[in-house]
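Notes for the structure review
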Amino acid sequence: MTAAVNPKKLIKGGLHDWEVVIGMEIHAQVTSRSKLFSGASTEFGAEPNDHVSLVDAAMPGMLPVINEECVAQAVRTGLGLKARINHRSVFDRKNYFYPDLPQGYQISQFKDPIVGEGEVLVDLVDGESITVGIERLHLEQDAGKSLHDQNPTQSFVDLNRSGVALMEIVSRPDLRSSEEARAYVTKLRTILRYLGTCDGDMEKGSLRADVNVSVRKPGEPLGTRCEIKNVNSIRFIGQAIEVEARRQIAILEDGGTISQETRLFDPGKGETRSMRSKEEAHDYRYFPDPDLLPLEFDQAYVDALAEGLPELPDAKKARFIADYGLSPYDAGVLIAERTSADYYEAVAKGRDGKAAANWVINELFGRLNKEGKTIEASPVSADQLGAVVDLIGEGTISGKIAKDLFEIVWSEGGDPRQIVESRGMKQVTDTGAIEAAIDDIIAKNPDKVTQAREKPTLLGWFVGQTMKATGGKANPAAVNSLLKAKLGIE
Amino acid sequence: MTTLNELTLAEARDGLKAKDFSASELTQAHLDAMEKARGLNAYVLETPERALTMANVADTKIAHGEARPLEGIPLGIKDLFCTHGVATTAGSKILEGFQPHYESAVTHNLWRDGAVMLGKLNLDEFAMGSSNETSAYGDTISPWRRQENGKLSDAKLVPGGSSGGSAAAVAAHLCLGATATDTGGSIRQPAAFTGTVGIKPTYGRCSRWGTVAYASSLDQAGPIARTVRDCAILLGSMAGADARDTTCADLPVPDFEAAVSRGVKGLTIGIPKEYRVDGMSAEVQALWDRGAAMLKDAGATVREISLPHTPYALPAYYIVAPAEASSNLARYDGVRYGLRVPGKDIAGMYENTRAAGFGREVKRRIMIGTYVLSAGYYDAYYVRAQKIRTLIKRDFEAAYASGIDAILTPATPSAAFGLGEKGSGDPVEMYLQDVFTITVNMAGLPGLSVPAGLDAQGLPLGLQLIGRPFDEETLFAAAQVIETAAGRTKLPAAWWA
Amino acid sequence: MSVDATTVRRIAHLARIAVGEDEVAPLQGELNAILAFVEQLGAVDVTGVEPMTSVTPMAMKKRVDAVTDGGYAGDIVSNAPETEDHYFLVPKVVE
Ligand SMILES: [Mg+2]
Ligand SMILES: [Zn+2]
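Thresholds, definitions, all that
Residues numbered from 1 in each chain as written. Chains lettered and ligands numbered in written order. Predicted model: local features only at pLDDT ≥ 70, side-chain atom pairs only at ≥ 80, totals over all residues. Heavy atoms only, no water. Phe/Tyr/Trp six-rings, centres within 6.5 Å; stacked < 30°, edge-to-face > 60°. Helix = DSSP H or I, 4+ residues; strand = E, 2+ residues; numbered from the N terminus. Lys NZ or Arg CZ within 6 Å of the ring centre and 35° of its normal. Salt bridge = Lys/Arg side-chain N within 4 Å of Asp/Glu carboxyl O. Buried < 20%, exposed > 50% of the residue type's maximum accessible area, 1.4 Å probe, protein only. Donors = N, O, S within 2.8 Å, 3.2 Å for Na, K, Ca; no water. Pairing = 2+ DSSP bridges. Axes fitted to C-alpha atoms, helices over the stretch in contact; angles between N-to-C directions. Contact = heavy atoms within 4.5 Å. UniProt positions renumbered as here; feature names shortened; annotations may be inferred. Polar contact = N/O pair within 3.5 Å; in protein donor to acceptor, adjacent residues only side chain to side chain. 1 Å grid on protein atoms, 1.4 Å probe; cavity = no way out; pocket = protein on both sides within 12 Å on 5 of 7 lines; lining within 4 Å. Points joined across faces, edges and corners; volume = space filled by probe spheres on them. Nonpolar A, V, L, I, M, F, W, Y, C, P; charged D, E, K, R; others polar.

**Here we look at the packing of aromatic side chains**
All names here are of chain B.
- For the structure on display, the rule yields 32 aromatic pairs over all chains.
- Judged by centre distance (5.7 Å) and plane angle (25°), the ring pair of Tyr 275 and Phe 436 falls under stacked. Of the two residues, Tyr 275 is situated in the loop between strand 9 (268–272) and helix 9 (282–297) and Phe 436 in the loop between helix 14 (427–431) and helix 15 (438–443); the sequence distance between them amounts to 161 residues.
- Following the ring pairs from residue to residue traces out a cluster consisting of Phe 98, Phe 126, Tyr 332, Tyr 337 and Phe 358.
- Between Arg 244 and the ring centre of Trp 209, over which it is positioned, the NZ or CZ distance is 3.8 Å.
- It is Arg 276 that lies over the ring of Trp 288; its NZ or CZ is 5.2 Å from the centre.

This is the structure in structure tokens:
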């Protein structure tokens, strides 16, 4: 660890400051129709043991056959993480007994994973960004599921998930705060979703994190780490790190030592606790699975997959900044999901990129958030929003009217141009009508007129009155210049 | 006159085709013989109804001129092959009552070709053993007995293992042929002990799908039959590509039966000097020399070769095979099938189930395998053994590259021994049974055992032929030369019937 | 290398095989006999030798990504010692 310590990231203990060091193992479910080594479905929510083949149930004499799409997905992900793709990798057996592990071993990759070192660029809220090293990515089988609350003395085992393909993505201990950890998982999730290699649905368990946390005094060697298993939301990842770091600091400041162990985060109690059942010293007895040959492919295979990759978030962000003149922050918001980036581009194409970004981020996203809707379910299409932006741009409607128009399109739908036409929302550019309104206001407020000549900032009040009188439809530029002339200011 | 069950498979096939007898008659003859031979304990399960139903179908097919290659041929199935709706035990208590909902690839192929299933054959538990004394369902007794002073001795002999039931049933005419498996010699050693022919094909020739696994990188299915030709016919049906087994070769199956009569003219046969082990009996040495002479007489060139890493094959096997077994047998945990013995918690349930369900030899191998894979020992044992495997394979590759077409060795160090005679104190004594056969599994090569004579006590002795990868044809050709020259061994008497 | 009684118990537990006190000593003897037998492998020079990963050199076959299996939960649980509603039942597992 050579990176300089950022004092802002330190945690204040009772005695001194502490640096928290975090590394993560993310288990991402591979997007595929069937399992890693069997033809059973990966679909979520089936009846117990219905998406189970003889292989998944480890019937005697059953053999694994690898799903080529899962291999391709792992390679795509490796490319998306700018990682080394290993042309030869080996599947190993990780041996342990557990009722939701029917074979008595998990097929995983230990010594020779399919993907080696890579990196993820993570943008933080304050405009700073960090590079998180990826140590490796390997393919492995998911386990089944045990239900413990059906019966007082027995657990119920369902093997539907048994054998579903996972990518385990291991980061280096490059993260220094819970914010960084959350931003890292968010970014990784974005990349996976862009690639289409994992849907990132944490509620369904498609993305789970094991978080390794240790603390140290700045400049000292790494402390003893604890692994918090299976944290299943980005918010919980942040909370788990905070409470675990504080727990470790409290122990160390009391003169104690940290024992390396596996812990579980309890969101209800807001604490981590030791998983005593997993305490027993493990000896996984890894060895190459003799049922499977080494996984080998050539560079042409990798190149073909690279060819088919979509534009990835970092590249898209850079392009948005360059082509549309967006701020890094706005570009970052827009590229967080591929669907919102696509939506934005549809709105921005041939229009003012900044104006389009304002409308997408402030109006549309604001409204979607308020109603808990996703961009896919947006009642306003990119074409409709584009028309709204056009109407402002060409001076047909004012910005204020545009917001009303947006509301109408949101709740009623329809062609914005027609709505403006039929509901008389067009901006008044006829100076005669505006002049009449202004004359009326001046006549009714002689005292304000006198004041305005002394204090030109009162112009705003007259603008407001004029707009009100014209139902908001007056062209603001025309109102401004007419008022200035009539009031004789500047 | 020979009764129907004493025909060779090829003779029976031709007789069925000529309508000399029906498949039902042929099957019934075997069922009758099986009933009389229960004392041999070759079958752990007889399936007479299924057999007669299948024979009936065969008769219809024959009547309609639609006979398939093995139409109406009654076979015994080693109880390591999963059979749909028929209990499959692997010779273990832990699988008692297990009824698969699937059919192994090998047996599926046999039924596809019209063969008839007589029942499931006894074996060493999970195919671990060399005498068929580790079966949870009792020892299989060899139909052979020693000749003492011109009389048949009463002492019971082992049929060899692990395919002891298969070898005994074939030798005693309780089926025309049988499926078997060979991880370290489990086809060839029992074949040698019972005067039958057995071939372990090249690793990847037969699909392993649906066969209970012992050691995945070594396990191969193959047939045991009474003649070289019968073996060739059976292997032709059992073998073939299978998308469900990643280690199964995508190669067409040659016409093995056609290869039987090819002869050995122009072939070069290697005699590996390292197989001349300390304490090899003069009888076995003489048999080996005779075998070489037979091949020479038939036109082959015989040449001494060196396979320097031979002595390390057996110890390396006793690391690799138990390691794989310890993992392959982890699935027998009392959760999804088979035996369950309650415990104080889940771990207790596992421990009690596996303690009660597995026999001594299986437990021993699981424990050795667990040990050699465990932290701190993996490199010293497992990785080293796999490196030695590479060296063993290189030895063979060098021999074949020097122009050798096949290698001739004894199949076993001695003829069959008595029940309970070996391995009770030191397990290694039993392991030494496979000293000549195990190299072949370690290198993934084809190996065939053919009877070549009797020892002084009238017990059969076998010779082993080892071939190039996927060249079983040369083995059949050479074995036929030996079978023809040595004459087929004959059981002295059906003492059990 | 050889194993002591503690190691025998540890291996038995790793392998989930209950071993009675009276079984430890005989097992220890048998395991040590096997270990002594394999000891001779130490004499082989394996420098630079690749461990064998597949005995037949061939490319690994792969499946296309299609749902071709499953949908028979009844068969899957039919051999199980204890089931309910197509679940396998095991003694309660404490997390
Ligand atoms: Mg993992
Ligand atoms: Zn069925």
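**What about the pattern of salt bridges?**
- Using the criterion set out here, one finds 68 salt bridges over all chains in the structure.
- Residue Glu261(A) pairs with Arg263(A) through a salt bridge whose shortest N-O separation is 2.4 Å.
- Judged by relative accessible area, Arg263(A) falls into the buried class, the value being 7%.
- Counted as one network, the salt bridges with shared partners bring together Arg93(A), Asp289(A), Asp291(A), Arg208(B) and Asp245(B).

**Brief notes about the coordination of the magnesium ion (ligand 1)**
Residue and element names in this part refer to chain A.
- Bound to the magnesium ion (ligand 1) are the protein donor atoms Glu 140 (OE), Glu 140 (OE) and Glu 168 (OE), situated 1.9 to 2.6 Å from the metal. Of the two residues, Glu 140 is situated in strand 8 (residues 129–141) and Glu 168 in strand 11 (residues 165–171); the sequence distance between them amounts to 28 residues. Of the two residues, Glu 140 and Glu 168, both sit in the buried class.

**Re the sheet that holds strand 11 (residues 406–410) of chain B**
All names here are of chain B.
- If you walk across this open sheet you meet the 11 strands as 1-3-2-6-8-7-12-13-11-9-10, and the pairing is mixed. The strands lining the two open edges of the sheet, one partner per strand, are strand 1 (43–46) and strand 10 (301–305). Averaged over all pairs of adjacent strands, the angle between their axes in this sheet comes to 30°, without regard to strand direction.
- Direction of pairing for strand 9 relative to strand 10: parallel, over a ladder of 5 bridges. Counterpart to Pro 272 in the pairing with strand 10 is Ile 305.
- Where helix 3 (residues 48–63) meets the sheet, its contacts fall on strand 1 and strand 3 (116–121), and the angle it forms with strand 3 comes to roughly 155°.

**A short note on the environment of Val243(A)**
Residue and element names in this part refer to chain A.
- Following the sequence through the fold, Val 243 ends up in helix 3 (residues 234–253).
- As for Val 243 and Thr 272, which are separated by 29 residues in sequence, their C-alpha atoms are 7.2 Å apart.
- Not counting residues within four places of it along the chain, the set of residues in contact with Val 243 comprises Phe 265, Gly 270, Glu 271 and Thr 272.

**Let's talk about the UniProt feature "domain: Asn/Gln amidotransferase" (unreviewed entry) in chain A**
- Feature annotation in UniProt places "domain: Asn/Gln amidotransferase" (unreviewed entry) on residues 342–487 of chain A, given in this structure's numbering.
- Along residues 342–487 of chain A one finds 71% helix and 0% strand; the C-alpha atoms at either end are 48 Å apart.

**With respect to the side chain of Asp210(A)**
Residues and elements named next belong to chain A.
- Secondary-structure assignment places Asp 210 in strand 12 (residues 207–216).
- Judged by relative accessible area, which is 2%, Asp 210 ranks as buried.
- For Asp 210, the side chain forms a polar contact with the main-chain nitrogen of Asn 230, separated by 2.9 Å.
- What Asp 210 contacts, discounting residues up to four positions off in sequence, is Gly 23, Met 24, Glu 25, His 27, Glu 227, Ile 228, Lys 229 and Asn 230.

**What to know about the pairing of strand 8 (residues 220–225) of chain B**
All names here are of chain B.
- Taken across its 6 residues, strand 8 has 6 buried, putting it largely inside the fold.
- Burial along strand 8 is two-sided: Gln 220, Gly 222 and Ile 224 and Ala 221, Pro 223 and Ala 225, pointing in opposite directions, are all buried.
- Relative to strand 8, strand 6 (residues 177–182) runs antiparallel, the two sharing 6 bridges. Among the inter-strand pairings, Thr 181 is bridged to a residue of strand 8, identified as Ala 221.
- Across 2 bridges, strand 7 (residues 197–200) lies against strand 8 in antiparallel orientation. Residue pairing for strand 8: Val 197 is matched across the bridge by Ala 225.

**Observations regarding empty space enclosed by the protein**
- With the rule as written, the count across this model stands at 7 cavities of 30 Å³ or more.
- Roughly 70 Å³ of volume is contained in the largest cavity.
- Lining the largest cavity, in full, are Pro60(A), Gly61(A), Met62(A), Leu63(A), Tyr105(A), Asp291(A), Val212(B), Ala213(B), Ser216(B), Asn328(B), Arg331(B) and Tyr332(B).
- A class-by-class count of the residues in the lining of the largest cavity yields 7 nonpolar, 3 polar and 2 charged.

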